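Structure assessment
What follows is each chain in one-letter form.
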Amino acid sequence: MKKKAQMITPDAYPQMMGKAQAASFSKTLRSAITEVKATRIIEDSADSLREALLGYVAELEAAGPDYVMVSDKAHEIKGFADTAGLPATARIADGLCHYLERSLELKMPAEPAVIALHVHAIGRASRDPDQGGKAADAVVRELASLAARKLAEASQRKRG
């Protein structure tokens, strides 16, 4: 027997704090002191965050042609790499996510070579303590250009 879904309005939920407490809490979260403390916590955790990220990268590299797993791991890396102090890795993973999402939207198979180049670049960037500097920017731009060109070609072929 199926139960009918019940809608509960947001104001019907018990509130965790009153309006005055919420305003004070919000002010505390936006304060410079909180920002400094949060930054220090993240910096102190950088090594363990990078280690965890490398676990995701290893899973991405092991995913091979399992593009569902590639997509899942790329999204994890994209969301986590900046916090771990690896912005180039985050940007490359974002490019891979975008390519895979657009391929799905166009109902076109993603090209294994484009995926492999992104995965390889994510692996290299995640293991580069200097994050590649200008070279990383060039890699991000070139991969984005390649992905855009391949998506445009696939779209053109589809139109006929």
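What you see is a predicted model, and the numbers here were worked out from it, not measured in a lab.

1. Regarding unusual backbone geometry
One non-glycine residue, Lys 107, lies in positive phi territory at about 55°. By relative accessible area, which is 69% here, Lys 107 ends up exposed.

2. Section: the packing of aromatic side chains
Enumeration according to the criterion identifies one aromatic pair in this entry. Ring geometry for Tyr 56 and Phe 80: centres 5.8 Å apart, planes at 80°, overall edge-to-face. Residue Tyr 56 is found in helix α3 (residues 46-62), and its partner Phe 80 is found in helix α4 (residues 67-81); the two are separated by 24 residues along the sequence. We classify Tyr 56 as partly exposed; its relative accessible area is 25%. Given a relative accessible area of 18%, Phe 80 falls into the buried group.

3. What to know about the environment of Ala 147
With respect to the secondary-structure elements, Ala 147 resides in helix α7 (residues 133-159). Assessed through its relative accessible area of 5%, Ala 147 is described here as buried. On a C-alpha basis, the gap between Ala 147 and Leu 117 in space is 10 Å, while along the polypeptide they are 30 residues apart.

4. Notes on the pattern of salt bridges
Under the criterion given, the structure shown has nine salt bridges. Glu 59 is the salt-bridge partner of Lys 73, the closest N and O atoms lying 2.6 Å from each other. Here Glu 59 lies in helix α3 and Lys 73 lies in helix α4, a separation of 14 residues in the sequence. Taken together, the shared-partner salt bridges in this structure form one network comprising Glu 111, Arg 149, Lys 150 and Glu 153.

5. Remarks on the nonpolar core
Membership of the largest hydrophobic core comes to 34 residues, with the highest contact counts inside it found for Val 70, Ile 77, Leu 96, Tyr 99, Ile 115 and Ile 122. Elements represented by at least two residues in this core include exactly α3, α4, α5 (87-105), α6 (112-126) and α7. In terms of residue count, the dominant contributor to this core is α5 (seven residues).

About the criteria used
Residues numbered from 1 in each chain as written. Predicted model: local features only at pLDDT ≥ 70, side-chain atom pairs only at ≥ 80, totals over all residues. Heavy atoms only, no water. Buried < 20%, exposed > 50% of the residue type's maximum accessible area, 1.4 Å probe, protein only. Phe/Tyr/Trp six-rings, centres within 6.5 Å; stacked < 30°, edge-to-face > 60°. Helix = DSSP H or I, 4+ residues; strand = E, 2+ residues; numbered from the N terminus. Salt bridge = Lys/Arg side-chain N within 4 Å of Asp/Glu carboxyl O. Core = buried A, V, L, I, M, F, W, Y, C linked by side-chain atoms within 4.5 Å.

Honestly, it's all geometry; don't read function into it.
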